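Chain residues, written in single-letter form:
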Amino acid sequence: MDLRELVPALNDFASPSLAESWDNVGLLVEPSPPHSVNTLLLTNDLTEAVMEEAVQRKAELILSYHPPIFAPLKRVTWRSWKERLVVRALEHRIGIYSPHTAYDAVPHGVNGWLAKGLGACTSVPLHPSTAPGPPAAGTHRVEFCTDAEHLDTVLSKIKDIQEVSCLTTLPARVEGEEQTQVSLNCSQKALLEVVALLSQNNLLYHKTQILLLQKPLLPHTGMGRLCKLSEPVSLSDMIERIKHHLKLPHIRIALGVGRTRESPVKTVALCAGSGSSVLKGTEADLYLTGEMSHHDVLDAVANGISVILCEHSNTERGFLSELRDTLAIHLQNRVNVIVSEKDRDPLQVA
């Protein structure tokens, strides 16, 4: 599959527009075209060990959940390990693609996978994503009524304003008089000109309504998840479920004030990776994430919320096996999708 066909297919799976504004997602390294991809290697972190594995397994594209290029590179030399990744990728004609928070947001992404470890539950995003743009062109809708005497003049002047769209007229009856209702969409910049025009006529201005065109929320899409269990379970049982799902022998647990390991868990707020900012202020019996700051853990505990920490990438890496199967279907089995055997969390329990 040619890279220029494969990248749009990956973008369709999880649109980069869903990623957080601070993130760096999409195609990060592109070999000179044409570039055919037979093998796609999935990894959570692109380390030098994983890059060597990609070379040995003859992968033409690496999908690294975490972007290996995040802070801008001022040079590409052999001095630092991240620069060496780019050098090795280009030398061996290997592309690098990163989805990161776009995969956090989608319903079939990392947080959805993490929620599966809780047992039967319903979940909603903690911070819902919005559509890339409002449902219609422009940022505002302006509506006003005018009589036949002023209609043609007003419409003529409005049509001269740039960035005005969806201009419509409908017959209306206002205070017993036959009038025309005018409706239009416009940009923020054009709104100033439209209001300035209408304010020249007090009757028009006082009959004007201005509506902000909000970007609609996307269903089941966004950062984090608030999960409501079908049946409450003890914290001890929840700990075992999470350890089994993540295939971890140990996790870290902080008991909320007034809670024990036998306390019931009905609601779980979760966020793969680093969850402090996403989980903060959410009411739940339990927070589940990879890592949180010390003081955010103290805040949660003081509010009676227990906290489970599993290390950053341990809450993400297991998703890759599910992603392998899903992507193979999405790409119509035209690409051999494999999971890295060298990718692992850098922290170990000694």
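Please read all numbers here as calculations on a predicted model, not as lab measurements.

Basis of the calculations
Residues numbered from 1 in each chain as written. Predicted model: local features only at pLDDT ≥ 70, side-chain atom pairs only at ≥ 80, totals over all residues. Heavy atoms only, no water. Helix = DSSP H or I, 4+ residues; strand = E, 2+ residues; numbered from the N terminus. Rg over C-alpha atoms; globule rule 2.2 N^0.38 Å. Buried < 20%, exposed > 50% of the residue type's maximum accessible area, 1.4 Å probe, protein only. Contact = heavy atoms within 4.5 Å. Areas by Shrake-Rupley, 256 points an atom, 1.4 Å probe, with all protein chains shown as cover. Pairing = 2+ DSSP bridges. Axes fitted to C-alpha atoms, helices over the stretch in contact; angles between N-to-C directions. Phe/Tyr/Trp six-rings, centres within 6.5 Å; stacked < 30°, edge-to-face > 60°. Disulfide = S-S within 2.5 Å. Domains from an automatic or database assignment. UniProt positions renumbered as here; feature names shortened; annotations may be inferred. Polar contact = N/O pair within 3.5 Å; in protein donor to acceptor, adjacent residues only side chain to side chain.

1. What to know about the overall build of the chain
Within the chain one finds 12 helices and 17 strands. Relative to the 2.2 N^0.38 estimate, which gives 20 Å for 350 residues, the radius of gyration of the chain is 27 Å and therefore markedly larger than a compact globule would have. Once the C-alpha set of the chain is aligned to its principal axes, its extents read approximately 85 × 60 × 40 Å. For the chain, the proportion of its 350 residues judged to be buried stands at 49%. If you take every contact in the chain between residues at least 6 apart in sequence, the share linking residues at least 24 apart comes to 72%. In the structure as shown, the chain presents an accessible area of about 18,100 Å², 53% of it carried by carbon and sulfur atoms.

2. Observations concerning the sheet that holds strand S13 (residues 252-254)
A sheet is described by the order of its strands in space; here 6 strands give the open sequence S5-S12-S14-S15-S16-S13, paired in mixed fashion. Pairing within the sheet leaves two strands with one partner each, and these edge strands are strand S5 (121-124) and S13. The sheet shows a mean angle of 25° between the axes of neighbouring strands, taken without regard to direction. In this sheet, strand S16 (residues 306-309) lies alongside S13 in antiparallel orientation, the contact comprising 3 bridges. Bridged to Ala254 within S16 is Val307. Set on the sheet, helix H11 (residues 294-302) makes contact with S13, strand S15 (286-291) and S16; between it and S16 the angle comes to about 145°.

3. A few points about the packing of aromatic side chains
If you walk through the whole model with that rule in mind, you get 3 aromatic pairs. Between the aromatic rings of Trp22 and Phe70, the centroid separation amounts to 6.2 Å while the plane-to-plane angle is 65°, which identifies the pairing as edge-to-face. Of this pair, Trp22 sits in the loop between helix H1 (3-13) and strand S1 (26-29) while Phe70 is found in the loop between strand S3 (61-64) and helix H3 (81-91), placing the two residues 48 residues apart along the sequence. Consider the rings of Tyr103 and Phe319, whose centres lie 6.2 Å apart with planes at 80°: the pair is edge-to-face. With Tyr103 in helix H4 (residues 101-105) and Phe319 in helix H12 (residues 319-330), this pair connects stretches of sequence that are 216 residues apart.

4. Quick word on the state of the cysteines
On inspection of all chains with the given rule, the structure shows 0 disulfides. No disulfide involves Cys186; its sulfur sits 10 Å from the nearest other cysteine sulfur, which is in Cys166. According to the relative accessible area criterion, Cys186 is buried, its value standing at 0%.

5. Description of the sheet that holds strand S7 (residues 140-146)
Pairing within the open sheet is antiparallel, and its 4 strands lie in the order S8-S9-S7-S10. Taken across any chain shown, the strands that pair with only one partner, and hence form the sheet edges, are strand S8 (164-174) and strand S10 (209-212). For this sheet, the mean inter-axis angle between neighbouring strands, taken without regard to orientation, is 20°. Note: S8 against strand S9 (residues 177-186), 9 bridges, orientation antiparallel. Following the sheet pairing, Ala172 is matched in S9 by Gln179. Across the sheet, helix H7 (residues 188-198) is in contact with S7, S8, S9 and S10; its angle to S7 comes to roughly 15°.

6. Points about the domain arrangement of the chain
You can read the domains of the chain as domain 1 (3-100 + 316-339), domain 2 (106-130 + 220-309) and domain 3 (140-212). The C-alpha-based centres of domain 2 and domain 3 are spaced at 51 Å.

7. So, helix H2 (residues 48-56)
Buried within H2 we find Val50, Met51, Glu53, Ala54 and Val55. Here the buried face of H2 lies against strand S2 (39-43), S3, H3, strand S4 (95-98) and strand S17 (336-339).

8. Concerning the UniProt feature "binding site: a divalent metal cation" (unreviewed entry) in the chain
Per the UniProt entry, the sites bearing "binding site: a divalent metal cation" (unreviewed entry) are His66, Asp104, His312 and Glu316 in this numbering. Maximum C-alpha separation among the annotated residues is 13.4 Å over a sequence range of 251 residues, consistent with a single clustered spot. Along the polypeptide, His66 turns up in the loop between S3 and H3. The buried category is assigned to His66, whose relative accessible area is 13%. Residue placement: Asp104 occurs in helix H4. Here Asp104 falls in the buried class, since its relative accessible area comes to 7%. In this view, Asp104 contacts Tyr65, Val110, Asn111, Gly222, Met223 and Arg225; residues no more than four positions away in its chain are not counted.

9. Description of the side chain of Ser98
Secondary-structure assignment places Ser98 in strand S4. Within the local environment of Ser98, its side chain forms a polar contact with the backbone oxygen of Ser64, the two atoms lying 2.9 Å apart. Not counting residues up to four positions away in its chain, the partners in contact with Ser98 are Asn24, Val25, Gly26, Leu28, Ser64, Tyr65, His66 and Pro67.

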